[in-house]
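Examining the three-dimensional arrangement
What follows is each chain in one-letter form.
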Amino acid sequence: MRFEEQLLMDLKAEMTARNERSRRVGRRLLAGAAVAGLAAVTAVALPLLTGPEPAYAVSKNANGTITVELREFRDADQLEQDLGKLGVTADVSYLKHQTKCQDDRGTLVGGGYDTPEEWRASVHYKVARPGAKGFVIDPRQVGKGQTVVLEFTENSEGPVKSQLKAEVIEGSVEPCVPEHDPTQLG
């Protein structure tokens, strides 16, 4: 066999080997692309099948309190039901920036509060406090025939994203009628 023929045969063998490697790499890339595509479809389809992320999470703590982690201002009625299952009658309202519910939605437990000291000593101050993952409700502050009224106000213009007003009302609670409140933090 002449040198040129041997060189041609070696070249053909090398080209065949390269083509085989190329096909293997192509199959691997195709398989990888298929797996990535399946993952992307799963990432999109799973929320469609399971629904959007819940607007809130409710959990009962060992000391009897309830932690509410609020993620979005929606599903107020469902939050009221979930709190009811844990023994707390609640009225939840979500409000836009610089609005509040009208005053006098019912009879305040323990009467009103005029000074910061009266507020801190009241059941209204003790019933819902900020916590590590949202706010904490103390059911012991809400008696039979009483409702904890929770008003959440969006605050899109400042570092604090929402404000919470909590009161405990004896008997029936009037529905929230939103009204302008320019005194809110912003």
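What this report covers is the structure whose coordinates are included nearby. Residue numbers here run from 1 along each chain, matching the order of that chain's written sequence. The model is predicted, so local features are restricted to residues of pLDDT at least 70 and side-chain atom pairs to those at 80 or more, both for listing and for counting; the totals for chains, interfaces and linings are taken over all residues. For the side-chain quantities, the full set of heavy atoms in the structure was used; hydrogens and water were omitted.

By the criteria applied, helices consist of DSSP H or I runs no shorter than four residues and strands consist of E runs no shorter than two, each listed in order from the N terminus. Check the secondary structure of the protein and you find 4 helices and 10 strands. Listing every helix and strand of the protein by position from the N terminus yields α-β-β-α-β-β-β-α-α-β-β-β-β-β. By residue count, 25% of the 186 residues in the protein fall in the buried class. Contact definition: two residues touch when any of their heavy atoms are within 4.5 Å. Across the protein, contacts joining residues at least 24 apart in sequence account for 57% of those joining residues at least 6 apart. The buried label applies to any residue whose accessible area, calculated with a 1.4 Å probe on protein chains only, is under 20% of its type's maximum; exposed applies above 50%, and partly exposed to all values in between.

Bringing the side chain of E167 into the picture now. In this structure, E167 sits in strand β9 (residues 162-170). Residue classification places E167 among the buried residues on the basis of a relative accessible area of 11%. Side-chain polar atoms of E167 contact the side chain of Y113, separated by 2.7 Å. The contact partners of E167, leaving out residues within four places of it in the chain, are L108, Y113, H124, T147, V148 and V149. In protein, a polar contact requires one atom able to donate a hydrogen and another able to accept it; more generally it is a pair of N or O atoms within 3.5 Å, and residues adjacent in sequence count only if both atoms are side-chain atoms.

The rule for a salt bridge is simple: a side-chain nitrogen of Lys or Arg has to be within 4 Å of a carboxyl oxygen of Asp or Glu. With the rule as written, the count across this model stands at 12 salt bridges. R71 serves as the salt-bridge partner of E53, at 3.5 Å between the closest nitrogen and oxygen. Highlighted residues: E53 in the loop between α1 (3-50) and β1 (56-60) and R71 in the loop between β2 (66-70) and α2 (76-85), separated in sequence by 18 residues. With a relative accessible area of 35%, R71 lands in the partly exposed category.

By the element assignment, N61 lies in the loop between β1 and β2. We classify N61 as partly exposed; its relative accessible area is 25%. Residues N61 and V136, spaced 75 residues apart in sequence, show a C-alpha to C-alpha distance of 9.2 Å.

Another point: the layout of surface pockets. Within this model, the largest pocket holds a volume of roughly 700 Å³. Around the largest pocket sit 31 residues that line it, and E151, Q163, L164, K165 and A166 are the ones nearest its centre. Within the residue set of the lining of the largest pocket, elements represented by two or more residues are β2, α4 (123-127), β6 (128-131), β7 (134-137), β8 (146-154) and β9. At 7 residues, β9 tops the list of elements feeding residues into the lining of the largest pocket. Across the lining of the largest pocket, the residue classes break down as 13 nonpolar, 6 polar and 12 charged. Here a cavity is any set of points on a 1 Å grid over the protein atoms alone where a 1.4 Å probe fits but cannot get out, and a pocket is any open set with protein on both sides within 12 Å along at least 5 of 7 lines; a residue lines the site when it has an atom within 4 Å of a point. Grid points are joined across faces, edges and corners, and a volume is the space filled by probe spheres set on the points. Following the grouping adopted for this structure description, the nonpolar residues are Ala, Val, Leu, Ile, Met, Phe, Trp, Tyr, Cys and Pro, the charged ones are Asp, Glu, Lys and Arg, and the polar ones are all others, Gly among them.

Here we come to the sheet that holds strand β5 (residues 107-108). Reading across the sheet, the 4 strands line up as β3-β8-β9-β5 and stay open at both edges, with mixed pairing between neighbours. Two strands lie at the open edges of the sheet, namely β3 (90-95) and β5, each paired on one side alone. Across 9 bridges, β8 lies against β9 in antiparallel orientation. Paired with V148 across the bridge in β9 is V168. Lying on the sheet, α2 is in contact with β3 and β8; it crosses β3 at an angle near 155°. Here the rule is simple: two strands pair whenever DSSP picks up at least two bridges between them. Each axis is a line fitted through C-alpha atoms, taken for helices only over the stretch in contact, and angles between the N-to-C directions span 0 to 180 degrees.

Spatial strand order, β1-β2-β7-β6: 4 strands in an open sheet with antiparallel pairing. Every other strand in the sheet has two partners, leaving β1 and β6 as the edge strands with one partner each. The mean inter-strand angle of the sheet, taken between neighbouring strand axes irrespective of direction, is 25°. Pairing geometry for β2 and β7, over 3 bridges, is antiparallel. Paired with T67 across the two strands is V136, which belongs to β7.

With a phi angle near 65°, D75 is a residue other than glycine that sits in the positive phi range. Assessed through its relative accessible area of 37%, D75 is described here as partly exposed. Of note in this structure, D104 is not a glycine but carries a positive phi near 60°. Locating D104 in the fold gives a position in the loop between β4 (99-101) and β5.

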